[in-house]
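Here is how the chains run, residue by residue.
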Amino acid sequence: MQNKSIAQLAADLRLRTYSSVELTRHYLDRIERLDPRLNSFITVASESALAAAERADRVLKSGDAGPLTGIPIAHKDIFCTQGLRTSCGSRMLDNFIAPYDATVVEKLAAAGAVVLGKTNMDEFAMGSSNETSFYGPVHNPWDQTRVPGGSSGGSAAAVAARLCPVATGTDTGGSIRQPAALCGITGIKPTYGRCSRWGMIAFASSLDQAGVMARSAADAAFILDEMAGFDPRDSTSADVPVPDYVDALDDDIKGLRIGLPKEYFGAGLDGRVAAVIQDAIKEYERLGAEIHEISLPNSPLSVPVYYVVAPAECSSNLARFDGVRYGHRCENPRDLEDLYKRSRAEGFGAEVQRRIMIGTYVLSAGYYDAYYLKAQKIRHLIAEDFKRAFDKVDVIMGPTSPTTAFPIGDKMDDPVAMYLNDIYTIATNLAGLPGMSIPVEPVDGLPVGLQIIGNYFEEARLLNVAHRFQHATHWHQAAPAGFE
Amino acid sequence: MSLDSSDIEKIAHLARLGIDPERTARYAADLSNILDLVARMDAVDTAGVDPMAHPLHMVQRLRPDQPSEPDQREPFQSIAPLTEGGLYLVPKVIE
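Described in the following lines is the structure provided in the data block. (Residues numbered from 1 in each chain as written. Chains lettered and ligands numbered in written order. Predicted model: local features only at pLDDT ≥ 70, side-chain atom pairs only at ≥ 80, totals over all residues. Heavy atoms only, no water.)

1. Thoughts on the overall build of chain A
If you tally the helices and strands in chain A, you get 15 helices and 11 strands. The C-alpha radius of gyration of chain A comes to 21 Å, within 12% of the 23 Å expected for a compact globule of 484 residues. Evaluated residue by residue, chain A yields a buried proportion of 66% over its 484 residues. Of the contacts made within chain A by residues no fewer than 6 positions apart, 76% connect residues no fewer than 24 positions apart. Carbon and sulfur atoms make up 49% of the accessible area of chain A, which amounts to about 15,200 Å² in all. Of the side-chain charges in chain A, 47 are positive and 59 negative, and the distance between the mean point of each set is 1 Å. (Helix = DSSP H or I, 4+ residues; strand = E, 2+ residues; numbered from the N terminus. Rg over C-alpha atoms; globule rule 2.2 N^0.38 Å. Buried < 20%, exposed > 50% of the residue type's maximum accessible area, 1.4 Å probe, protein only. Contact = heavy atoms within 4.5 Å. Areas by Shrake-Rupley, 256 points an atom, 1.4 Å probe, with all protein chains shown as cover. Lys, Arg positive; Asp, Glu negative; His and termini not counted. Charge placed at Lys NZ, Arg CZ, Asp CG, Glu CD.)

Right, dumping it as structure tokens:
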């Protein structure tokens, strides 16, 4: 049951092959049995999931089922869920029960999805290994001594281990694509503004975007069809029509122009990862695509630019956590300043504190021009590189991450080494473009992701290009041992 | 760019973070390394380049000046650490 596609599950539910309650119970049992090895869930919502599944079964019986009626999903614990704890992986929000649903949560519920629970993540989505979570690290299902990637590490591990058919994620600098790559699943970060940020706890508001983590491009298309769209409650939401992503999956890709940026294949890329990425590109040639070498000359600057822009926005967004209105509050504050300082020091972990301080520093008087303004100018140059590239090619491909999953604990003492994991994913966020990661041939039993970057609002093409590869290959079907 | 412990104390105060004095040296080293990474930006000539504030060059939408949200004071205050009579309680600010 856990290896079926979303389309198969939806068809089976309609035919009453099994009920949504049975399907939901099946996944809850798997979570109970297998998640102790992974720690991919922060909260499992057994009771509310079964109640929602019962409602779904009644709707299925009545014949007016929506596209996802009765399909279990998991949400990254960054999306507000009414009545269900939303921790954002932080002690700060350990006791936070959101008074409303995020738009993404609301839309998927309206389509009939059943929420199994909330997945683990790096604290406030700040991390590339899921090790900064207040709730402990997530273990990669392919090798439990290794990280799943981050920040959507819980969603990636849960989907890879078949603990849920699909999960939501968010991507500010690679947080959907990098864990998707390291866990061997399919992840899509849509264009900035494509999915609503309302009710999604903010990290860096000019970069944050919600997306899907699934076992295939086809499954991701089903979910994105329901998630995407304009939301007047999010002032940065894009008022652009949403095409039918499932409809476009099978389009022919003969003549597709693929750009390979030479900067994505240089020093720092593991040679074995490079080799399997090149093999995947050859598969695309067999499918009729044309390969062009391109250059994104400013992309090596994306990590330095990101570590100005993202912390600056984070320091401003996280100023709201003051120990007064919600979240953690210290014991017996002496005065208001003590209340703020101790509540925040106790509530935030080390990586969040580092980023708040970097952001505070670069925005402080006298430094704005040298850091923030300079970064925003280079960001413009990075976006222009992509614009020029998309005059010549339809999609850009390369590795998602320079290496396979690394051992837990390996990079926690060296923030800069950790940041360089996102060297191939960050430029996409800075430019606001959509990006995907799909599994290719593993290296030493560990998954490798091929990144596919598209032009603005071309999610349908990305999903189509990914689906054609998955139609011709079987890498995306592989399950980690013990989780088949 | 190298920051020392007194810089960290100043930054932490601006960010209202009461960091443990034992950790300031470590934070100073980490933040200095991050700023070294950021310093790679200095090599780029950005004269005449416009800063990019938004990926899609959108403008702020306006909405009609009408109430759109119902009163939710009770559910919002039910998750607050300390309230009384509809007010949030904090330590005495004015002596």
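2. Observations regarding the environment of Gln353 of chain A
If you trace the backbone, Gln353 of chain A turns up in helix H11 (residues 350–363). Note on Gln353 of chain A: relative accessible area 4%, which makes it buried. Sequence spacing of Gln353 of chain A and Thr103 of chain A is 250 residues, and the spatial spacing of their C-alpha atoms is 29 Å. If sequence neighbours within four positions are ignored, Gln353 of chain A has contacts with Arg344, Ala345 and Phe348 of chain A together with Leu17, Ile19 and Tyr27 of chain B.

3. Some thoughts on the state of the cysteines
Residues and elements named next belong to chain A. Counting across every chain of the model gives zero disulfides over all chains. Not engaged in a disulfide, the cysteine Cys314 finds its nearest cysteine sulfur in Cys88; these two sulfurs lie 11 Å apart. Residue class for Cys314 comes out buried when judged on its relative accessible area of 0%. (Disulfide = S-S within 2.5 Å.)

4. Description of the packing of H11 of chain A against helix H2 (residues 24–38) of chain B
It is at 11 Å that the axes of H11 of chain A and H2 of chain B come closest, and there the two elements cross at 60 degrees. Here H11 of chain A lies oblique to H2 of chain B, going by the angle between them. Crossing of H11 of chain A against H2 of chain B: the hand is right-handed. Between H11 of chain A and H2 of chain B, the contacting residues are Ala350, Gln353, Arg354, Met357, Ile358, Tyr361 and Val362 of chain A on the first element and Tyr27, Asp30, Leu31, Ile34 and Leu35 of chain B on the second. (Axes fitted to C-alpha atoms, helices over the stretch in contact; angles between N-to-C directions. Parallel < 35°, antiparallel > 145°, perpendicular 65-115°, else oblique. Left-handed = near helix turned anticlockwise from the far one by under 90°.)

5. Points about the interface of chain A and chain B
At the junction of the two partners, chain A supplies 69 residues and chain B supplies 50 residues. Both sides together, the interface formed by chain A and chain B hides about 5,200 Å², and carbon and sulfur atoms give 72% of it. Contact with chain B buries area across many residues of chain A, yet Lys341, Met357 and Tyr361 of chain A alone supply 12% of it, more than any other trio. Applying the counting criterion to the chain A and chain B interface returns one salt bridge. Between Arg354 of chain A and Asp30 of chain B there is a salt bridge whose closest N-O contact spans 2.9 Å. One can count 14 residue pairs in polar contact (both at pLDDT 80 or more) joining chain A with chain B. The element best represented in the side of chain A that touches chain B is helix H12 (residues 369–392) of chain A, accounting for 12 residues. Among the residues forming the side of chain A that touches chain B, the class breakdown is 42 nonpolar, 13 polar and 14 charged. (Buried area = accessible area lost by both parts, 1.4 Å probe. Salt bridge = Lys/Arg side-chain N within 4 Å of Asp/Glu carboxyl O. Polar contact = N/O pair within 3.5 Å; in protein donor to acceptor, adjacent residues only side chain to side chain. Nonpolar A, V, L, I, M, F, W, Y, C, P; charged D, E, K, R; others polar.)

6. Observations regarding the packing of aromatic side chains
Two aromatic rings, taken as a pair, are described by how far apart their centres are and by the angle between their planes. All names here are of chain A. Going through the model one piece at a time under the given rule, you end up with 15 aromatic pairs over all chains. Here Phe96 and Tyr326 contribute two aromatic rings whose centre-to-centre distance is 5.4 Å and whose plane-to-plane angle is 40 degrees, an arrangement assigned as tilted. Placement of the pair is Phe96 in the loop between strand S2 (72–76) and helix H4 (103–110) and Tyr326 in the loop between helix H9 (302–317) and helix H10 (336–347), with a sequence separation of 230 residues. Judged by centre distance (4.9 Å) and plane angle (75 degrees), the ring pair of Tyr306 and Tyr307 falls under edge-to-face. Residue Tyr306 shares its accessibility class with Tyr307, and that shared class is buried. Taken together, the ring pairs connect Phe96, Phe124, Phe321, Tyr326 and Phe348 into an aromatic cluster. Lying across the ring of Phe483, Arg37 places its NZ or CZ 5.2 Å from the centre. (Phe/Tyr/Trp six-rings, centres within 6.5 Å; stacked < 30°, edge-to-face > 60°. Lys NZ or Arg CZ within 6 Å of the ring centre and 35° of its normal.)

7. Structural notes on the packing of H4 of chain A against helix H7 (residues 217–227) of chain A
Residue and element names in this part refer to chain A. Contact pair H4 / H7: the axes reach a minimum separation of 8 Å and the direction vectors enclose 110 degrees. In terms of their interaxial angle, H4 and H7 are classed as roughly perpendicular. As H4 packs across H7, the resulting crossing turns out to be right-handed. Seen from H4, the contacting residues are Val104, Lys107 and Leu108; seen from H7, they are Ile223, Glu226 and Met227.

8. Let's talk about the nonpolar core
One finds Phe124, Tyr284, Phe386, Met397, Leu450, Ile452 and Leu463 of chain A to be the most contacted residues of the largest nonpolar core, which totals 174 residues. In contact with Ile452 of chain A, other than residues within four places in its own chain, are Tyr284, Val395, Ile396, Met397, Pro434, Gly435, Met436, Ile438, Leu462, Val465 and Ala466 of chain A. (Core = buried A, V, L, I, M, F, W, Y, C linked by side-chain atoms within 4.5 Å.)

9. Some thoughts on unusual backbone geometry
With an omega of 10 degrees, the peptide bond running from Gly150 of chain A to Ser151 of chain A counts as cis. Looking at where Ser151 of chain A falls in the secondary structure, it is placed in the loop between strand S3 (114–119) and helix H5 (153–160). The backbone of Asn130 of chain A sits at a positive phi, close to 60 degrees, despite the residue not being glycine. Note on placement: Asn130 of chain A falls in the loop between S3 and H5. Judged by its relative accessible area of 0%, Asn130 of chain A falls in the buried class. The residue Arg16 of chain B is not glycine, and still its phi comes out positive at about 50 degrees. Its location among the elements puts Arg16 of chain B in the loop between helix H1 (5–14) and H2.

10. A look at the pattern of salt bridges
Residues and elements named next belong to chain A. According to the stated counting rule, one finds 26 salt bridges over all chains in the structure shown. The partner of Lys118 in a salt bridge is Asp77, and the shortest N-O contact between them spans 2.9 Å. Remark: Asp77 occurs in the loop between S2 and H4 and Lys118 occurs in strand S3; sequence separation between them is 41 residues. The buried category is assigned to Lys118, whose relative accessible area is 0%. For Asp77, a relative accessible area of 0% gives the class buried. When the shortest N-O distance is used, the salt bridge between Arg197 and Asp234 registers 3.8 Å. Residue Arg197 is located in the loop between strand S5 (186–189) and strand S6 (209–214), and its partner Asp234 is located in the loop between H7 and strand S7 (257–261); the two are separated by 37 residues in the primary sequence.

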